Amino acid sequence: MNFLSDIQGIHIKKNILLLEYTIFQLGGPCPFLIECATPQQLKQVVAKFSENKLFFIVVGEGSNLLVSDQGVDCTIVRYFSSKPQIEQEDNIITVSASTRADDLALFAVQKGLAGLNCITGIPGTVGGAVVGNAGAFGKQISECITSVSVLVPNGEVIDEEPRALDFRYRFSRFKETQEVISEVKFSLSKGDRDSLLKKRDEILLSRKDKHPDYRKDPCAGSFFKNVEPVAPEEKRQAAGWFLDQVGSKKMSIGGAGVFEKHANIIIKKDKSCTAQDVYQLSREMFKAVFDKFSLKLEREVRLMGNFEGDTDDRIIR
Ligand SMILES: Cc1cc2nc3c(=O)[nH]c(=O)nc-3n(C[C@H](O)[C@H](O)[C@H](O)COP(=O)(O)OP(=O)(O)OC[C@H]3O[C@@H](n4cnc5c(N)ncnc54)[C@H](O)[C@@H]3O)c2cc1C
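**Observations regarding the domain arrangement of the chain**
Per the domain assignment, the segments of the chain are domain 1 (2–79), domain 2 (86–208) and domain 3 (212–304). Between domain 1 and domain 3, the C-alpha centre-to-centre distance is 28 Å. At the interface, 15 residues of domain 1 touch 20 residues of domain 3. For the pairing of domain 1 and domain 3, the buried interface totals around 1500 Å² over both sides, and the portion due to carbon and sulfur atoms is 64%.

Shown next as C-alpha cells:
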C-alpha cells in the first residue's frame, strides 16, 4: 500500500478482523482496510487504486452487512466519519457520504428543515443509506435527494440526478454497480423546528421500543425486505408478520437467535455466534415462510465473503 503514502489523514490497517468494523460484530480477516473520512481523501484513494489497477470495495459503518467468518480477500475502503461534514445554504444541504445518517437527520431538524426524519435513528452512513435507499414509515432517503456525487475510477466526480439512480424500495443502482458515493445533496422544505424535534423524539422512542440496542444485541436490522403489496393501492406487508406466523422468534442456531420483539431481526446472542450461524438461521427462516406461504422472502442484509450453502448475490466472494 506504499502508493497511498502521500495521502494525508487516511489510516491503513493490515490483516484486521472485519468483526471490528461491522455492527453485527461478525466477520473474518481482510488483507487491508483503509479508513477515509473526507471526500478529498476518498477521491485520492480511488484514483490511486485505479492507477494501480487494484480492486477494492467501499463500505460505510457496516450496519447492513453480514461478513463471512473466512473474511474477504480484497482491500476494504471504509468511508466513515464520526464528525458530521455538512454544509447548508437555505434549504439545500450538501453532506459527505461518510457522515452518519442520523447526524444528518439531527442537523436538518435543528435547522428547521423537513424531509429527513425518515432516517432518524437508522445506523450507518449517508453513503450506505443511499445505496439501500434507507428509510422507515413508508418514506425513504431518496425522496429529497437532488444529486449524488459518484467517483469514477480515475478519481473524477460525476454528479448524478436521482432519476438516473433507479431508486426503489431498499434499492438503487449502486447495489449492482459498486460505484463509490462521495457526497450527496438534498433539497428540504421549511418546517417548524419544535415540531420536527418532537417528531424526532417520538421516532427515537418508538425505535428504542421495537429494535434491539445493537451495542448489547449486535445485528444488521431487518434481515428480509418487506413484501411487495398484492395490489398497487395496498402497502407492503411486513416480512416480520410472516416470520412471526412461523414462530421465528423461537428459532436459533448456534449463537444466533431472533430478537424477542421483532421476528425479522437476527441477533448475535452470545460470543460463540458465527456469521455462518446467522446465515444458516436466515435460511431456516426463509424455508419456514416458503413452506407455509409459498412466499420467497428477499434478503435485505448484504453478504460479503463465502458462506456454506451460499447463493450468488454477494457483494464480493
Ligand atoms: C438496529 C438497526 C436498525 C436498522 N433500521 C433500519 C431502518 O429502519 N431502515 C433501513 O432502511 N435500514 C435499517 N437498518 C439497516 C442499515 O442501518 C442501513 O442499511 C444503513 O443505511 C447502512 O449504512 P452503512 O453505512 O452501515 O452501510 P454498510 O452496511 O457499510 O454498507 C451497505 C452497502 O452499501 C455500500 N456502501 C456503503 N457506503 C458506500 C459508499 N460511500 N459508496 C458506495 N457504496 C457504499 C456497501 O458496499 C454495501 O453494499 C438498520 C440496521 C440496524 C443495525
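**Here's the deal with the sheet that holds strand 15 (residues 219–222)**
Here we have four strands laid out as an open sheet, ordered 15-18-17-16, and antiparallel in their pairing. Strands with a single pairing partner mark the edges of an open sheet, and in this sheet they are strand 15 and strand 16 (252–253). Pairing between strand 17 (residues 256–258) and strand 18 (residues 265–268): three bridges, direction antiparallel. Residue pairing for strand 18: Gly257 is matched across the bridge by Ile267. This element, helix 7 (residues 275–293), spans strand 16, strand 17 and strand 18 of the sheet and lies at about 40 degrees to strand 17.

**Considerations on the side chain of Asn117**
As for its placement among the helices and strands, Asn117 is situated in the loop between strand 8 (113–114) and helix 3 (126–131). Since its relative accessible area comes to 12%, Asn117 is described here as buried. Engagement of the side chain of Asn117 in a polar contact is seen with the backbone oxygen of Leu196, the distance being 3.5 Å. Each residue touching Asn117, except ones within four places of it in the same chain, is listed here: Val109, Leu196, Lys199, Arg200 and Ile203.

**Let's talk about the pattern of salt bridges**
Taken as a whole and assessed by the stated rule, the structure comprises 19 salt bridges. A salt bridge links Lys225 to Glu298; the shortest N-O distance between them is 3.4 Å. Of the two residues, Lys225 sits in the loop between strand 15 and helix 6 (239–245) while Glu298 sits in the loop between helix 7 and strand 19 (302–304), which places them 73 residues apart along the sequence. For Glu228, the salt bridge goes to Arg236, with nearest N and O atoms at 3.0 Å. According to the relative accessible area criterion, Glu228 is exposed, its value standing at 53%. Overlapping salt bridges, with partners in common, bring together Lys13, Glu35 and Arg78 in one network.

So, how was this worked out
- Residues numbered from 1 in each chain as written.
- Predicted model: local features only at pLDDT ≥ 70, side-chain atom pairs only at ≥ 80, totals over all residues.
- Heavy atoms only, no water.
- Domains from an automatic or database assignment.
- Contact = heavy atoms within 4.5 Å.
- Buried area = accessible area lost by both parts, 1.4 Å probe.
- Pairing = 2+ DSSP bridges.
- Helix = DSSP H or I, 4+ residues; strand = E, 2+ residues; numbered from the N terminus.
- Axes fitted to C-alpha atoms, helices over the stretch in contact; angles between N-to-C directions.
- Buried < 20%, exposed > 50% of the residue type's maximum accessible area, 1.4 Å probe, protein only.
- Polar contact = N/O pair within 3.5 Å; in protein donor to acceptor, adjacent residues only side chain to side chain.
- Salt bridge = Lys/Arg side-chain N within 4 Å of Asp/Glu carboxyl O.

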